Amino acid sequence: MRKHQNLSMTNPIISLKNIDVTFQQKKRTIEAVKNVSIDVNRGDVFGIVGYSGAGKSTLVRVINLLQVPTNGQVIVNGETFFDGQGAGKSGVQIKPNELRDRRRKIGMIFQHFNLLNERTVAENVAFALQHSPLKADEKQAKVAELLELVELTDRADQFPAQLSGGQKQRVAIARALANDPEILISDEATSALDPKTTNQILALLKKLNQQYNLTILLITHEMDAVKEVANKVAVMQDGQVLEEGSTLDIFTKPQAALTKEFIETATNQDKALATIAESDAITTLNDNEVFARLTYSGNSTNEPLITTLYQKYEVVANILYGNVEILQGTEVGSLLVILSGSADGLAAGLQSLKDQGVSVDILKGKQA
Amino acid sequence: MSNWFSQTFPNVVYQGWSGDTGWLTAINQTIFMTFWSAIFGGLLGLIFGFGLVVTSPRGITPNKVLFWIFDKIVSIFRAIPFIILLAFIAPVTKTIVGTQIGSTAALVPLSLGVFPFYARQVQVALTEVDSGIVEAAQAVGASFTEIVFGVYLREGRSELIRVSTVTLISLIGLTAMAGAIGAGGLGNMAIAYGYNRFANDTTLVATFLVLVLVLIVQVVGDYLAKRYNHK
Ligand SMILES: Nc1ncnc2c1ncn2[C@@H]1O[C@H](COP(=O)(O)OP(=O)(O)OP(=O)(O)O)[C@@H](O)[C@H]1O
Ligand SMILES: [Mg+2]
């Protein structure tokens, strides 16, 4: 009874449990994914961030069993695709023809687009409709509708080689959406595109998520992309998930060093930090000073943080860098500051900041 | 003009046009052998080439045993020099065709001689089809046959035409050697009636005609390969 309740309460559309993927090569074993568990809820835009080789592609290919895992459980839409311990292929719980059918409900787009070069734009989309129950003329209408959605109607009869990168990715999106999937997996779909085109593609994904409640898995090595559209993020390294949470939490209270690194890059803090860290003010930091990063979100944004620090604790804040982002409709601010005051004042001031939900990172100076 | 020709190329004229040792007969025999062994050897080569690609560890249905079998058969047949294959396969030819000599009999060793070469060429051509495209097809739930015909064959078409052209040209070369088992053809004309009888003009004209054949195959092949390439 309780089990049943749990299921209906959370109801993730994708549930990966304790997934291991091990590649056996001649001399060595590569553990591409190690004991990863992830739940993706319907309507989520779930970002998976990590550097090259972290195991992101391997992990998401497990969802539609393009990659059969070594261990673990794969449950999509309540249906168990895979369940096994060291079972390999014998852990697959679904018949090949059923699997092909389920795959049609999981759209996938790739970094290198992977369009059929010898087919036109329209034929590429139609390729995904071969098993659709639609009649021939309905399929044609469906292709036309999809091309309109991605604004490529006028390119229907061109070959992929005649298109720009952004246009190719839009064809790929149209193809991935052909069978009205509930899930879209985007594996570095914007990594080969320039920033402007990247934003167009991300905007399109966001629109699909909002209009059709499409669940999206967004794999990327750019926190920037995640910041734009994802509501949840998992950070991967060496086949493991280091950290997972809402985008807001990850951005305001990152725990792992790698996560912080990604965020610094995404908010341009890395460049600011590099410059500031070498400035005289930091290299000759006094005993009664600390160099800190303050990150705050939502309500605390409007609080006169700096004023309170001075009035209550006689701590003077020297702001070296400031940045405000809108994440999921919430303001997220980050400041790089030098705080100076008495030892007691500093300790109390920092504590009060923490109490207000501001995350404080001491970058240099005595830890209060 | 015709007077000049018969003076410069006396042996060529002596061979005549039709008749058993005539030029038309030789041309027909070469085309006959090339065409039919291209069909049989080509089909075998395609089957083995596709087999190698789909059963390979990175293929769409990895199968160690089948891959090993395909691979070994192709390797063994490739290792046998054609001129030895001609002799070696003679008893088999006799049971299949009923005779060991002549153009028809030559089809057996020619097909077996060309198929492993072609199989490797097909394997290479298909391996060049981007694995990402195959994966994208799998991701939209394409079946095995749809991937073989709709992705590999279609995407690799231009490259397959190119390697078929190369194979066809080397097959024309093999038909010349088949002259050794009395298969006739232009190669036989160049050797038996030309070289062996010190009739250099016959050798020259036979060579020229082989070149023309090769050139036609090359030009048509290049045209088709280009036409079916949209990369
Ligand atoms: N089929 C395979 N056989 C052997 N090793 C593999 C295979 N696929 C992936 N790997 C290895 O698994 C690890 C994870 O690879 P994966 O492609 O999942 O990383 P990624 O996070 O997607 O990286 P990228 O950002 O470069 O796409 C790498 O070390 C890779 O070499
Ligand atoms: Mg990858």
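Residues numbered from 1 in each chain as written. Chains lettered and ligands numbered in written order. Predicted model: local features only at pLDDT ≥ 70, side-chain atom pairs only at ≥ 80, totals over all residues. Heavy atoms only, no water.

For chain B, the name recorded in an unreviewed UniProt entry is Permease component (MetP), with Fructobacillus tropaeoli as its organism. For chain B, the Sequence similarities (unreviewed entry) comment in UniProt is given as "Belongs to the binding-protein-dependent transport system permease family." The annotation that UniProt attaches to chain B under Subcellular location (unreviewed entry) is "Cell membrane". (UniProt positions renumbered as here; feature names shortened; annotations may be inferred.)

Chain A goes by ATPase component (AbcC) in an unreviewed UniProt entry, where it is assigned to Fructobacillus cardui.

## Brief notes about the overall build of chain B
Scanning chain B for helices and strands turns up 12 helices and zero strands. Reading chain B from its N end, one meets helices and strands in the order α-α-α-α-α-α-α-α-α-α-α-α. Based on the C-alpha atoms only, the size of chain B along its principal axes is roughly 70 × 40 × 25 Å. When the 231 residues of chain B are sorted by exposure, 47% land in the buried category. (Helix = DSSP H or I, 4+ residues; strand = E, 2+ residues; numbered from the N terminus. Buried < 20%, exposed > 50% of the residue type's maximum accessible area, 1.4 Å probe, protein only.)

## Some details on the overall build of chain A
Per the secondary structure count, chain A includes 14 helices and 14 strands. The principal-axis extent of the C-alpha atoms belonging to chain A is close to 75 × 50 × 50 Å. Out of the 368 residues in chain A, the part that is buried amounts to 52%. Within chain A, counting contacts between residues at least 6 apart in sequence, those at least 24 apart form 66% of the total. Summed over its atoms, the accessible surface of chain A is roughly 17500 Å², and 46% of this surface lies on carbon and sulfur atoms. (Contact = heavy atoms within 4.5 Å. Areas by Shrake-Rupley, 256 points an atom, 1.4 Å probe, with all protein chains shown as cover.)

## A word on the domain arrangement of chain A
What the domain assignment reports for chain A is domain 1 (2–105 + 181–246) and domain 2 (267–365). Look at where the C-alpha atoms of domain 1 of chain A and domain 2 of chain A centre, and you get two points 36 Å apart. (Domains from an automatic or database assignment.)

## So, the sheet that holds strand S10 (residues 240–246) of chain A
All names here are of chain A. Sheet architecture is open: six strands sit in the order S6-S7-S8-S3-S9-S10, paired in mixed fashion. Two strands bound the open sheet, and with one partner strand each, they are strand S6 (106–110) and S10. Direction aside, neighbouring strands of the sheet carry axes that sit 15 degrees apart on average. In this sheet, strand S9 (residues 232–237) lies alongside strand S3 (residues 45–50) in parallel orientation, the contact comprising five bridges. Within S9, the residue paired with Gly50 across the bridge is Met236. (Pairing = 2+ DSSP bridges. Axes fitted to C-alpha atoms, helices over the stretch in contact; angles between N-to-C directions.)

## Here we look at the interface of chain B and chain A
Counting residues at the interface gives 21 residues for chain B and 23 residues for chain A. For chain B, the biggest contributors to the area lost against chain A are B:Glu135, B:Val140 and B:His230; these three give 28% of the whole. When the shortest N-O distance is used, the salt bridge between B:Arg154 and A:Glu123 registers 3.8 Å. At the surface where chain B touches chain A, the tally comes to nine residue pairs in polar contact (both at pLDDT 80 or more). Of all the elements in the fold, those that place two or more residues in the side of chain B that touches chain A are helix H8 (131–139) and helix H9 (144–155) of chain B. Residue contributions to the side of chain B that touches chain A peak at seven residues, all from H8(B). Residue composition of the side of chain B that touches chain A, by class: eight nonpolar, seven polar and six charged. (Buried area = accessible area lost by both parts, 1.4 Å probe. Salt bridge = Lys/Arg side-chain N within 4 Å of Asp/Glu carboxyl O. Polar contact = N/O pair within 3.5 Å; in protein donor to acceptor, adjacent residues only side chain to side chain. Nonpolar A, V, L, I, M, F, W, Y, C, P; charged D, E, K, R; others polar.)

## Looking at the site of ligand 1
Among the 14 residues in the neighbourhood of ligand 1, the closest are listed as A:Ser52, A:Gly53, A:Lys56, A:Ser57 and A:Thr58. Ligand 1 is flanked by residues contributed from chains A and B. One of the backbone nitrogen or oxygen atoms of A:Gly53 is found 2.8 Å away from an oxygen atom of ligand 1. In the complex, 68% of the free accessible area of ligand 1, which totals 630 Å², lies under the protein chains. For the shell around ligand 1, the secondary-structure elements that each account for two or more residues are strand S2 (29–41) and helix H2 (56–63) of chain A. Taken together, the residues that form the shell around ligand 1 break down as five nonpolar, six polar and three charged. (Near = heavy atom within 4 Å.)

## Points about the nonpolar core
Grouped together as the largest cluster of nonpolar side chains are 73 residues, with contacts concentrated most on A:Leu147, A:Ile173, A:Leu205, A:Met223, B:Val151 and B:Tyr152. Aside from chain neighbours lying at most four places away, what touches A:Met223 is A:Val49, A:Val233, A:Ile250, A:Phe251, A:Thr259, A:Phe262, A:Ile263 and A:Ala266. Counting residues in hydrophobic clusters, the runner-up holds 36 residues, among them A:Leu66, A:Ile94, A:Leu99 and B:Ala136. (Core = buried A, V, L, I, M, F, W, Y, C linked by side-chain atoms within 4.5 Å.)

## Digging into the side chain of B:Arg120
Residues and elements named next belong to chain B. Summarising the element assignment, Arg120 is placed in helix H7 (residues 103–127). At a separation of 2.9 Å, a polar atom in the side chain of Arg120 contacts the side chain of Asp71. Beyond its immediate sequence surroundings of up to four residues, Arg120 is in contact with Leu52, Asp71, Val74, Ser75 and Arg78.

## With respect to helix H14 (residues 343–355) of chain A
All names here are of chain A. Over its 13 residues, H14 extends 18 Å from the first C-alpha to the last, a length consistent with the 18 Å expected when each residue adds 1.5 Å. Burial in H14 covers these residues: Gly345, Leu346, Gly349, Leu350, Ser352 and Leu353. The buried residues of H14 all sit within an arc of 160 degrees when viewed along its axis, so they share a single face. Across H14 from its buried face, at more than 90 degrees, point the exposed residues Ala343, Asp344 and Asp355. (Expected span 1.5 Å × (residues − 1). Arc of directions from axis to C-beta.)

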